[in-house]
Amino acid sequence: MKAKSTLGIVFFPAFDWAIHPLHPEREERLLYTLDQLNEEGVFDIDGIYQYKPDIASLNDIMRTHFCFPDVSKVTTESHLISAGGTIKAATLVMDNIVNKSFALVRPPGHHAMKVVHGARGFCNINIEAVMVEYIREHYPVKKIAIVDTDCHHGDGTQDIYWHDRDVLYISMHQDGRTLYPGTGAIHELGGPNALGTTINIPLPPNTSDEGFLIAMERVVLPILKDFKPDLIINSAGQDNHYSDPITNMNFSALGYAKLTEMLNADIAVLEGGYSIQGALPYVNLGITLAMAGLDYSYVHEPDYSQKDLTQDKEITKYIKRVCDQVMKRYEECKKPSFKLMPGNYDVRKKEIYYDTDNIREMQLESIMVCEECRGVLKIETTSTVNPLCLGIEIPLDACDRCQKEGYRLLDTALSGDRYKYVQLIDRKNKKYVLY
Amino acid sequence: MIIMYLGLDVGGTHTDAVIIDKSGVVAHTKVVTTPHNLLECISQAFKNILTGIDPSHIKRVNLSTTLTTNAIIENKCEEVGVLVSGGPGINPALYSMGNHYYVIDGQIDHRGTEITLLNLNQLEKATKKCRKKGIKAFAVVSKFSTRNPVHEQYIQQKLDDADFISVGHTLSGNLNFPRRIATAYYNAAVWRLYNKFSYAIEEVLRELGVIAPVNILKADGGTIPLHVSRTIPVESILSGPAASVIGTMALCNITEDAVMLDIGGTSCDIAMFADGAPLIEKDGIRLNTHNTLVRSLKTKSIGIGGDSAIKIDGNTVTAGPQRLGMSMAEGGQNPTIIDALNVIGTINLKDTGRSREGMYALEKKSGISSHNIAQQAITYALDIIYNEVMAMIDEVNSRPVYTIHEFLKGKVLKPKTIYLIGGPAKTLAHHITQRFGWNVKVPQYAEVANAIGAAVARTTVDIELFADTQRCRLLVPNLNVNIRIPQEYDVDNAIEDATNYMMQYLESIGVDEREREIEILQVYSFNMVEGFETTGKNIRVHCQVKPGILHQCRDILKI
């Protein structure tokens with residue numbers, strides 16, 4: 001047996017780390033997946049290789065996040081290794097060591113937002129974003145698409161790339177009105193400089209293989225074709241599975257494998273998925289085989305044949321309607337619309353709850369409306385664990401005005417004592433400093 | 001009482017034998033290997049080495065043979081009926097081996113739960129077909145049989161008229177279905193041949209008056225008693241490189257990170273030591289394009305040796321991997337690395353004039369001076385060895401780890417010593433030292449280190465204990481242990497049980513008490529949680545008797 005696409009698997013199950021012993025994010029989570037992959041002899045397949053993760057550096061985190069009070073207070077070694085696992089997965093592909101890679105690592109990351117005060121949705125650090133920023137700093141890659149197939153809306157990834165027109169974020173998830181974190185509605189389409197590069201496909205409970213594949217065909221693939229990314233990343237959460245204990249969907253291992261084949265991502269990163277015995281071993285096997293271009297048609301769960309996973313006709317109809325609406329909104333984004341004059345700040349006020357660490361955060365986020373670049377970003381934030389702090393980001397493609405404005409903001413902030421901590425992310429000059 | 005140990009290693013070209021006692025090596029012999037009838041060269045070597053020695057002094061005979069390896073590579077195996085129950089996953093038809101491979105429906109999952117019963121109709125049909133073809137040797141393998149062997153056991157019962165059945169879970173406790181299939185298949189395929197051979201060897205020794213127990217060397221550098229090996233003949237494959245590694249350990253007291261280079265005529269075998277212990281391959285050795293679960297030392301063979309032929313392509317001088325016969329100095333027709341060493345004056349072996357002649361012929365063809373050709377060929381060979389050693393160290397250090405503790409605190413291999421053995425070892429020591437900048441040691445008897453290794457190797461076993469307290473099950477697959485345990489069973493019980501099972505086994509196969517040194521390699525205990533309730537523990541204990549040198553031999557070799 002020989003893989004049609006060579007595949008690097010960065011496998012790091014963190015067998016000695018848990019949020020707490022009974023938490024879904026515990027030592028046991030990838031145990032049965034490892035057993036299944038080992039028993040199937042996956043790592044012996046010609047063209048499939050296993051790798052050790054790297055460990056993310058302070059710079060890797062500070063390039064991506066505003067961490068308050070600092071990186072060490074909001075992360076543990078497990079988070080740095082998990083993020084380092086995605087970096088390893090990225091370098092394997094970018095250095096042409098393998099065609100594709102799969103970071104089978106934990107803990108996950110897609111609920112971690114631009115600002116980090118602690119853990120939310122089991123996530124501290126957004127491991128895909130750390131990877132994307134690493135790639136953009138070290139390789140000449142401009143346009144990246146992240147397709148999030150976790151059952152929960154990836155509100156963290158959406159938040160980080162809300163203003164970034166070079167990163168397309170598409171999430172298909174269980175409708176936020178029925179599941180944590182509640183966001184991910186159709187009308188969430190990105191900030192003023194990046195409208196239409198955030199796409200949400202909220203799917204109803206009990207969506208089956210059929211529904212997911214409809215969403216792929218009708219929304220994900222056409223928008224990807226339009227965006228023409230240099231690189232496609234799959235946030236491969238596995239909690240859409242019919243056996244997942246904390247969600248309500250009917251997706252199967254075979255369905256995940258088909259989706260993986262259709263998406264043809266360069267890099268996949270494990271996100272959620274907590275049916276650790278009934279789903280993960282089979283879904284991970286399906287994704288692995290599909291990425292390597294191998295036959296996955298024999299992969300299915302032990303109870304697969306007994307389950308009726310046929311999708312209700314009404315649900316199919318509803319999903320088709322959702323897809324039409326998403327596409328309509330997406331097309332509208334291309335038309336000129338009302339926005340502020342360039343050189344003005346567009347301001348959002350956000351309240352964020354960190355369910356895992358029970359922290360409340362208040363944010364005032366200001367983005368410079370700009371036609372030349374992504375726009376300088378300023379976030380004032382305070383939480384139940386931190387006094388008022390400030391984050392300033394000068395984007396990678398910053399125009400002169402936005403760059404100057406960034407340093408003006410920094411000077412003003414440092415000359416007063418309004419903020420306890422100030423962090424600068426100067427992507428253009430690769431300066432990441434906490435004051 | 002005089003105690004002597006006899007070791008014999010069948011190599012591709014030569015068969016070496018040694019006898020050692022407390023004074024060291026008392027006799028050694030080298031005979032030409034007779035690949036089509038190994039019994040011939042083995043008998044000859046025994047006869048030679050026992051000349052003038054009282055055979056009753058021999059207390060242990062250890063053999064490393066290429067019998068099973070050759071049979072598999074040359075496909076001189078018996079027809080085997082392979083009965084496999086796969087269940088969902090990767091299509092089991094893709095792992096077909098031999099001419100009589102049958103997939104039977106049935107599924108066991110990763111916890112060992114029987115999801116689907118065996119399809120008895122299919123089983124009946126498959127066994128009928130095999131019987132019709134007169135097949136008498138079988139391999140029986142099911143997916144996850146090391147978690148629950150019920151399917152393998154059932155199929156085994158249905159084959160009561162077979163001569164031999166190789167049952168997957170009894171060969172290794174590891175997870176890896178395709179490797180289990182290949183291992184069980186090879187085991188059945190060489191069973192008859194091997195058994196014939198093993199009885200013949202006993203006969204030969206009896207005739208020579210040797211009454212000592214006979215052991216067979218394995219690829220992991222350990223031995224098993226001959227009578228035990230009769231049901232697991234596959235364990236005897238590819239033991240050659242391991243013999244050299246153990247030999248090196250016997251000749252040098254290795255306690256640090258180190259590299260072994262065994263340089264022969266055709267090839268160079270590389271092995272590694274971490275704090276003096278030889279490194280072991282993670283899953284098992286690969287033979288004839290198939291990966292197996294046969295435990296093995298981590299070794300790598302590259303096509304560079306003393307007889308590697310020198311080639312010139314344009315301005316580039318290379319050597320190997322072909323061997324076109326001996327060096328010119330020793331009567332060959334093509335200049336080799338040995339000739340190059342003669343030309344630059346490192347050595348002065350046999351007919352140095354012919355070495356110079358050969359190199360001069362290359363000079364005329366290429367326009368490069370003889371001296372430069374010789375120098376470049378040696379540099380080329382050293383570069384290849386250097387790069388392979390570095391790649392291997394890199395590979396070992398980037399092995400996947402699964403815990404944060406191992407990731408941050410795990411052992412990093414940093415060898416700075418090379419132990420050099422094999423025929424041309426001494427001649428190359430100077431160059432190897434220069435190329436690596438490391439400490440290079442060439443032990444005495446380097447040229448028969450392999451046979452010495454065979455003589456002094458201790459018996460090794462490795463087991464994987466698996467306990468699931470929710471299902472109240474404990475398994476040690478390769479010792480055929482499958483018992484009920486109480487729900488309160490914990491990791492300490494598991495470690496104790498693993499040690500006890502291992503002890504009992506070692507005793508049952510006649511291993512001396514002093515040699516029952518058990519090492520716990522890895523212990524995992526996972527809380528199994530369903531919903532927000534702990535339902536039990538999933539415990540894994542991996543332990544071994546690690547490859548090394550018999551205590552008695554340590555005493556006599558004073559190491």
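All values derive from a computational prediction rather than experimental measurement. (Residues numbered from 1 in each chain as written. Chains lettered and ligands numbered in written order. Predicted model: local features only at pLDDT ≥ 70, side-chain atom pairs only at ≥ 80, totals over all residues.)

Draft legend 1. Spotlight on the overall build of chain A. Across its full length, chain A carries eleven helices and 16 strands. On C-alpha atoms alone, chain A measures out to a radius of gyration of 21 Å, which is about the 22 Å that the 2.2 N^0.38 rule sets for 435 residues. Contacts in chain A between residues far apart in sequence, at least 24 positions, make up 73% of those at least 6 positions apart. (Helix = DSSP H or I, 4+ residues; strand = E, 2+ residues; numbered from the N terminus. Rg over C-alpha atoms; globule rule 2.2 N^0.38 Å. Contact = placed C-beta atoms within 7 Å.)

Draft legend 2. Here's a closer look at the overall build of chain B. Along the backbone of chain B there are 16 helices and 27 strands. For 559 residues, the compact-globule estimate of 2.2 N^0.38 gives 24 Å, and chain B sits close to it at 25 Å. Summarising its shape, the C-alpha atoms of chain B cover approximately 75 × 55 × 50 Å along the three principal directions. Expressed as a percentage of the 559 residues in chain B, the buried residues total 51%. Sequence separation of at least 24 residues holds for 64% of the intrachain contacts in chain B that already meet a minimum separation of 6. (Buried ≥ 20, exposed ≤ 12 C-beta atoms within 10 Å, placed from the backbone.)

Draft legend 3. Quick peek at the nonpolar core. Grouped together as the largest cluster of nonpolar side chains are 138 residues, with contacts concentrated most on Leu 6, Ile 181, Tyr 185, Ala 377, Leu 420, Ile 452 and Val 456 of chain B. With nine residues, helix H11 (residues 370-397) of chain B is the largest single contributor of residues to this core. Apart from residues no more than four positions distant in its own chain, Ile 181 of chain B is found in contact with Val 82, Val 84, Tyr 95, Met 97 and Val 141 of chain B. One finds Leu 80, Ile 223 and Ala 279 of chain A together with Phe 407 of chain B within the second-largest nonpolar core, a separate group that totals 137 residues. (Core = buried A, V, L, I, M, F, W, Y, C linked by C-beta atoms within 7 Å.)

Draft legend 4. The sheet that holds strand S27 (residues 533-544) of chain B, seen in detail. Residue and element names in this part refer to chain B. Spatially, five strands are ordered S25-S24-S23-S27-S26 in an open sheet, and the strand pairing comes out antiparallel. Because the sheet does not close on itself, it has two edges, and the strands there are strand S25 (481-484) and strand S26 (519-530). Shown here is a sheet whose adjacent strand axes are inclined to one another by a mean of 10°, direction ignored. Sheet analysis places strand S23 (residues 462-468) next to S27, joined by seven bridges and oriented antiparallel. Opposite Ala 467, over in S27, you have Ile 539 as the bridge partner. Lying over the sheet, helix H15 (residues 491-508) contacts S23, strand S24 (473-476), S25, S26 and S27, oriented at roughly 30° with respect to S27. (Pairing = 2+ DSSP bridges. Axes fitted to C-alpha atoms, helices over the stretch in contact; angles between N-to-C directions.)

Draft legend 5. Representation of the interface of chain B and chain A in the model. Contacts between the two partners involve 37 residues from chain B, matched on the other side by 36 residues from chain A. Counting residues per element, the ones that place at least two in the side of chain B that touches chain A are helix H5 (177-189), helix H12 (404-409), S26 and S27 of chain B. Looking at the side of chain B that touches chain A element by element, the count peaks at five residues for S26 of chain B. Per-class residue counts for the side of chain B that touches chain A are 19 nonpolar, 13 polar and five charged. (Nonpolar A, V, L, I, M, F, W, Y, C, P; charged D, E, K, R; others polar.)

Draft legend 6. Seen up close, the domain arrangement of chain B. Residues and elements named next belong to chain B. Taken domain by domain, chain B holds domain 1 (4-73 + 193-237), domain 2 (80-189), domain 3 (253-304 + 381-444) and domain 4 (462-557). In this structure, domain 2 and domain 4 have C-alpha centres spaced 25 Å apart. Taken together, the contact between domain 2 and domain 4 spans eleven residues of the former and twelve residues of the latter. (Domains from an automatic or database assignment.)

Draft legend 7. Expanded view of the packing of helix H1 (residues 31-39) of chain A against helix H9 (residues 280-291) of chain A. All names here are of chain A. Relative orientation of the contacting elements H1 and H9 amounts to 50°, with a least axis distance of 8 Å. Classified by the interaxial angle, the pair formed by H1 and H9 is oblique. In this structure, H1 crosses over H9, and the sense of that crossing is right-handed. Taking contact as the criterion, the partners of Tyr 32, Thr 33, Asp 35, Gln 36 and Leu 37 in H1 are, on H9, Leu 280, Pro 281, Asn 284 and Leu 285. By residue class, the composition of the contact of H1 with H9 is five nonpolar, three polar and one charged. (Parallel < 35°, antiparallel > 145°, perpendicular 65-115°, else oblique. Left-handed = near helix turned anticlockwise from the far one by under 90°.)

Draft legend 8. Region of interest: the packing of helix H10 (residues 352-366) of chain B against H11 of chain B. Residues and elements named next belong to chain B. Viewed as axis vectors pointing N to C, H10 and H11 meet at an angle of 100°, and their least axial separation amounts to 8 Å. As judged from the angle between their axes, H10 and H11 are roughly perpendicular. For the pair H10 and H11, contact is made by Arg 356, Met 359, Tyr 360, Leu 362 and Glu 363 and by Ser 370, Ile 373 and Ala 374, respectively. A class-by-class count of the residues in the contact of H10 with H11 yields five nonpolar, one polar and two charged.

Draft legend 9. Structural view of unusual backbone geometry. Backbone torsion omega between Arg 106 of chain A and Pro 107 of chain A reads 0°, so that peptide bond is classified as cis. Within the secondary structure layout, Pro 107 of chain A lies in the loop between strand S4 (100-105) and strand S5 (115-116). Note the cis peptide between Gly 320 of chain B and Pro 321 of chain B, where omega equals -5°. Turning to its location among the elements, Pro 321 of chain B is positioned in strand S20 (residues 316-323). With a phi angle near 70°, Asn 206 of chain A is a residue other than glycine that sits in the positive phi range. Locating Asn 206 of chain A in the fold gives a position in the loop between strand S8 (198-203) and helix H7 (209-227). Residue class for Asn 206 of chain A comes out partly exposed when judged on the 16 C-beta atoms lying within 10 Å of it.

Draft legend 10. Seen up close, the domain arrangement of chain A. Residues and elements named next belong to chain A. The domain architecture assigned to chain A consists of domain 1 (2-333) and domain 2 (345-434). With centres defined by C-alpha atoms, the gap from domain 1 to domain 2 works out at 27 Å. Across the contact, 25 residues belong to domain 1 and 29 residues belong to domain 2. Within the residue set of the side of domain 1 that touches domain 2, elements represented by two or more residues are helix H2 (58-62) and helix H5 (127-138).

Draft legend 11. Local environment of the sheet that holds S8 of chain A. Residue and element names in this part refer to chain A. The sheet built from eight strands is open, its strands ordered S2-S1-S4-S10-S9-S6-S7-S8 with parallel pairing. Only two strands of the sheet have a single neighbouring strand rather than two, namely strand S2 (46-51) and S8. Direction aside, the axes of adjacent strands within the sheet are offset by 15° on average. Here S4 pairs with strand S10 (residues 267-270) via three bridges, running parallel. Bridge pairing in S10 links Phe 102 to Ala 268.

Draft legend 12. Seen up close, the pairing of strand S13 (residues 377-383) of chain A. All names here are of chain A. In terms of burial, S13 is largely enclosed, as five of its seven residues are buried. Pairing of strand S12 (residues 359-368) with S13, which is carried by seven bridges, proceeds in the antiparallel orientation. When the bridges of S13 are listed, Ser 366 appears paired with Lys 378. Across five bridges, S13 lies against strand S14 (residues 389-394) in antiparallel orientation. Directly across from Thr 381, in S14, lies its bridge partner Cys 389.

Draft legend 13. Summary view of the environment of Asn 348 of chain B. Within the secondary structure layout, Asn 348 of chain B lies in the loop between helix H9 (337-344) and H10. Judged by the 11 C-beta atoms lying within 10 Å of it, Asn 348 of chain B is exposed.

Draft legend 14. Representation of H7 of chain A within the structure. All names here are of chain A. Taking 1.5 Å of rise per residue, the 19 residues of H7 would be expected to cover 27 Å, and the 25 Å separating its terminal C-alpha atoms lies within 8% of that figure. A bend of about 40° at Met 216 is the largest found in H7. For H7, the complete set of buried residues consists of Asp 209, Gly 211, Phe 212, Ala 215, Met 216, Val 219, Val 220, Ile 223 and Leu 224. Looking at the buried side of H7, the elements it contacts are strand S6 (144-148), strand S7 (167-174), S8, strand S9 (231-236), helix H8 (253-263) and helix H10 (313-334). Positive phi appears at Lys 228, one or two residues downstream of H7, with a value of about 50°. (Expected span 1.5 Å × (residues − 1). Bend = angle between axes of the 7 residues up to and from the residue.)

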